[in-house]
Amino acid sequence: MRQVKLLAFDILGTVFDIKGSLVNKLSKFGHDKGLKMDWSALADSWINKYVAGVDEIRHGRHKWETSDSIIRSKLEVILLEHSLGGIGQLEKDQLNSIWHCLSPWPDSVKGLKKLSTRFRIVTLTNANISMVQDLSANAKLSWDEFLSAEHIERYKPDPHVYRMAINRLGFLPGEIMLVSTDKSDLKAAMAEGLKTAFIQRLSRRRRIWHRMIRPSVENSFHVVAYDFIDLYKKICA
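The present account deals with the structure reproduced in this document. Note that this is a predicted model, so its numbers are computed, not measured. (Residues numbered from 1 in each chain as written. Predicted model: local features only at pLDDT ≥ 70, side-chain atom pairs only at ≥ 80, totals over all residues. Heavy atoms only, no water.)

**Some details on the overall build of the protein chain**
Turning to step 1, where the next piece is worked out: If you tally the helices and strands in the protein chain, you get 10 helices and 8 strands.
Turning to step 2, where the next piece is worked out: Computed over the C-alpha atoms, the radius of gyration of the protein chain is 18 Å, within 12% of the 18 Å expected from 2.2 N^0.38 for a compact globule of 237 residues.
Turning to step 3, where the next piece is worked out: Overall, the protein chain is about 55 × 40 × 35 Å in size when its C-alpha atoms are taken along their principal axes.
Turning to step 4, where the next piece is worked out: Going through the 237 residues of the protein chain one by one, you find that 50% of them count as buried.
Turning to step 5, where the next piece is worked out: In the structure as shown, the protein chain presents an accessible area of about 11800 Å², 50% of it carried by carbon and sulfur atoms.
Turning to step 6, where the next piece is worked out: Between the centroid of the 36 positive side chains of the protein chain and the centroid of its 27 negative side chains there is a distance of 8 Å. (Helix = DSSP H or I, 4+ residues; strand = E, 2+ residues; numbered from the N terminus. Rg over C-alpha atoms; globule rule 2.2 N^0.38 Å. Buried < 20%, exposed > 50% of the residue type's maximum accessible area, 1.4 Å probe, protein only. Areas by Shrake-Rupley, 256 points an atom, 1.4 Å probe, with all protein chains shown as cover. Lys, Arg positive; Asp, Glu negative; His and termini not counted. Charge placed at Lys NZ, Arg CZ, Asp CG, Glu CD.)

Right under this line is the structure:
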């Protein structure tokens, strides 16, 4: 991987733990408000509806909205579906802000710091800039540049997002490696000539199982790693 000079990171799900963060913070909200709910199911619904909202925009079925706007509109829907429609606007604002203070994965801060000693590191995310800036500030993460789908009002895996990154960064496609947990994101980046690193985010038990069966994903991308520490070992050895 000597050709690679810059790592571009997906943010939601790759650097930050969406599901775990939502469940923890929604559960605390419910406890403080005296609400009993399957917060894990509500978190799943919120995430799935956000992804569906992005897809609607990608396929031209809805006008452009930022991630923040999609997340808020989907919150209104899931609250009604879970009989929580009586929650006030201030509380809705509080819930929506959870996405700006997601927790990073345990390896993210240390791994990014190590990787930044060898490569330039930037974001390449569907999250809007204000969200990425807040997440990074809360986690004390430093980036060489913030790149977002918001810059061109198109969502990954639209090829224009990767072309935007290539043009703005000033590197050859093969000198940029996209780091993501999303296979469709990686495949679209590869089609534009970028190198790719798939982060599996497997539990310890699933890692052992994975080593036994060696799925075909190993051959689908340039690098496959469990987390950012493992990625550092594999591309900096």
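**Looking at the sheet that holds strand S1 (residues 6–9)**
As a general point, the strands of a sheet are linked pairwise by backbone hydrogen bonds and lie either parallel or antiparallel.
Turning to step 1, where the next piece is worked out: With respect to topology, 6 strands assemble into an open sheet ordered S5-S4-S1-S6-S7-S8, the strand pairing being parallel. One side of each edge strand has no neighbouring strand; the edge strands of this open sheet are strand S5 (145–148) and strand S8 (223–225). Neighbour-to-neighbour, the strand axes of this sheet turn through a mean angle of 25°, independent of strand direction.
Turning to step 2, where the next piece is worked out: In terms of strand pairing, strand S4 (residues 120–125) meets S5 through 4 bridges, oriented parallel. Counted as the bridge partner of Val122 is Glu145 from S5.
Turning to step 3, where the next piece is worked out: In this fold helix H10 (residues 228–236) packs onto S1, strand S6 (176–180), strand S7 (195–199) and S8, with an angle of close to 145° to the strand it touches most, S8. (Pairing = 2+ DSSP bridges. Axes fitted to C-alpha atoms, helices over the stretch in contact; angles between N-to-C directions. Contact = heavy atoms within 4.5 Å.)

**Examining the pattern of salt bridges**
Turning to step 1, where the next piece is worked out: Applying the stated criterion to the full structure yields 15 salt bridges.
Turning to step 2, where the next piece is worked out: Put simply, Arg58 and Asp55 hold a salt bridge, and the shortest N to O gap is 3.4 Å. Of this pair, Arg58 and Asp55 both sit in helix H2 (residues 39–58), 3 residues apart, which is roughly one turn of the helix.
Turning to step 3, where the next piece is worked out: A residue is classified by how much of its surface remains accessible, and Arg58, at 31% relative accessible area, is partly exposed.
Turning to step 4, where the next piece is worked out: A cluster of three or more residues bridged by salt bridges with shared partners is formed by Arg72, Glu76, Lys92 and Asp93. (Salt bridge = Lys/Arg side-chain N within 4 Å of Asp/Glu carboxyl O.)

**Let's talk about unusual backbone geometry**
Turning to step 1, where the next piece is worked out: That bond from Lys156 to Pro157 is cis: its omega, 10°, falls within 30 degrees of zero.
Turning to step 2, where the next piece is worked out: Looking at the element boundaries, Pro157 is found in the loop between S5 and helix H7 (159–169).
Turning to step 3, where the next piece is worked out: At Glu153, a position not held by glycine, the phi torsion is positive, near 55°.
Turning to step 4, where the next piece is worked out: Counting through the fold element by element, Glu153 comes out in the loop between S5 and H7.
Turning to step 5, where the next piece is worked out: Glu153 gets classed as partly exposed once you look at its relative accessible area, which sits at 48%.

**Focus on the side chain of Thr125**
Turning to step 1, where the next piece is worked out: For Thr125, the location among the structural elements is in strand S4.
Turning to step 2, where the next piece is worked out: At 2.9 Å, the side chain of Thr125 and the backbone nitrogen of Ala127 are in polar contact.
Turning to step 3, where the next piece is worked out: Dropping the residues within four chain positions of it, Thr125 is found in contact with Phe9, Asp10, Ile11, Val132, Leu147, Ser148, Ala149 and Lys156. (Polar contact = N/O pair within 3.5 Å; in protein donor to acceptor, adjacent residues only side chain to side chain.)

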